[in-house]
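One-letter residues, chain by chain:
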Amino acid sequence: MDESQFKFLKQLSRHHRYEDYFDTIPPNIVTDQAILAGRKLDFEQMILHYYQPHRPHVASAYREQRDITDAEDHPWEAIERGEISKQEAWDNYLDNLRLVLGSIRRLLSNIDAERVAITADHGELFGEMNQYGHPEGIPHPHLKKVPWAVTSATDHKTSSPCASVTEQEEPSKSDVEDRLKQLGYI
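Structure report, in brief. Not measured: the values here are computed from a predicted model.

Residue position: Ser 60 is located in helix α2 (residues 59-64). At 3.1 Å, the side chain of Ser 60 forms a polar contact with the side chain of Arg 63. Once residues lying within four places of it in the same chain are set aside, the contact partners of Ser 60 are Arg 66, Glu 72 and Asp 95.

The next point concerns the nonpolar core. Residues Tyr 50 and Leu 107 are the most contacted members of the largest nonpolar core, which totals 14 residues. Contributing elements (two or more residues each) for this core: α1 (27-40) and α5 (86-108). When near neighbours in sequence (up to four residues on either side) are disregarded, Tyr 50 contacts Pro 27, Val 30, Thr 31, Val 100, Ser 103, Ile 104 and Leu 107. Grouped together as the second largest cluster of nonpolar side chains are 8 residues, Trp 76, Ala 78, Ile 79 and Ile 84 included.

All told, the structure shown has 5 aromatic pairs when counted by the stated rule. Ring centres 5.8 Å apart and planes at 25° place the aromatic pair Trp 76 and Tyr 132 in the stacked group. Linking Trp 76 in helix α4 (residues 75-80) with Tyr 132 in strand β3 (residues 132-133), this pair joins segments that are 56 residues apart in sequence. Following the ring pairs from residue to residue traces out a cluster consisting of Trp 76, Trp 90, Tyr 93, Phe 126 and Tyr 132.

Summed over all chains, the structure comprises 10 salt bridges. The salt bridge partner of Arg 81 is Asp 70, with a shortest N-O separation of 2.7 Å. Of the two residues, Arg 81 sits in the loop between α4 and α5 while Asp 70 sits in helix α3 (residues 70-73), which places them 11 residues apart along the sequence. Its salt-bridge partner being Glu 83, residue Arg 81 comes within 2.7 Å of it at the nearest N-O pair. Among the ionic contacts, a cluster of salt bridges with common partners joins Arg 39, Asp 155 and Lys 157.

A word on the packing of α1 against α5. Any two packed helices are characterised by how steeply their axes cross, that is the angle between the axes, and by the distance between the axes. Contact geometry for α1 and α5: axes closest at 9 Å, N-to-C directions at 15°. With respect to α5, the element α1 is oriented roughly parallel. Seen from above, α1 lies across α5 with right-handed handedness. Contact residues: α1 offers Pro 27, Asn 28, Thr 31, Asp 32, Ala 34 and Ile 35, while α5 offers Leu 99, Val 100, Ser 103, Ile 104, Arg 106 and Leu 107. Considered class by class, the residues forming the contact of α1 with α5 number 7 nonpolar, 3 polar and 2 charged.

Rules of the game
Residues numbered from 1 in each chain as written. Predicted model: local features only at pLDDT ≥ 70, side-chain atom pairs only at ≥ 80, totals over all residues. Heavy atoms only, no water. Helix = DSSP H or I, 4+ residues; strand = E, 2+ residues; numbered from the N terminus. Polar contact = N/O pair within 3.5 Å; in protein donor to acceptor, adjacent residues only side chain to side chain. Contact = heavy atoms within 4.5 Å. Core = buried A, V, L, I, M, F, W, Y, C linked by side-chain atoms within 4.5 Å. Buried < 20%, exposed > 50% of the residue type's maximum accessible area, 1.4 Å probe, protein only. Phe/Tyr/Trp six-rings, centres within 6.5 Å; stacked < 30°, edge-to-face > 60°. Salt bridge = Lys/Arg side-chain N within 4 Å of Asp/Glu carboxyl O. Axes fitted to C-alpha atoms, helices over the stretch in contact; angles between N-to-C directions. Parallel < 35°, antiparallel > 145°, perpendicular 65-115°, else oblique. Left-handed = near helix turned anticlockwise from the far one by under 90°. Nonpolar A, V, L, I, M, F, W, Y, C, P; charged D, E, K, R; others polar.

Below, the structure written as structure tokens:
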């Protein structure tokens with residue numbers, strides 16, 4: 001793939017300060033940008049990449065408007081140190097999943113799309129083979145088998161995002177290819 005195949009590319013990590021969001025982009029920002037782009041620009045297809053439910057597990061910190069704990073930021077190490085249980089890490093992971101699914105629900109009510117595919121780039125291990133997260137080179141089915149759901153979306157205009165879509169950026173070909181490789185698309 002080359003950049004000419006994209007009408008618009010916005011790498012949110014270049015436009016939002018990570019330190020404000022616990023080293024991650026919250027799903028509401030991805031959704032806001034997608035809604036704005038969907039309403040203002042003429043797209044046949046859109047690819048969005050949400051970071052959640054991946055660690056850091058930020059859902060409770062967002063909800064409670066507090067700083068993230070070390071165990072939420074580094075759950076696998078916290079388990080190894082005995083600071084949290086595997087069940088607590090799992091609960092935090094599920095909270096993160098609910099956070100992103102709520103944002104996707106809002107997206108589906110605020111864009112028009114005949115077909116929407118929802119999937120993930122990998123799974124997570126929670127102690128299987130004594131591994132946590134998604135270590136490279138481990139061919140475990142929990143890492144390789146990812147969800148795939150197809151639905152549609154209708155813009156009921158139930159959300160008015162406050163962020164704005166900037167002028168089209170001119171990413172370099174290597175930036176586009178590097179990002180697509182990181183996401184597993186090429």
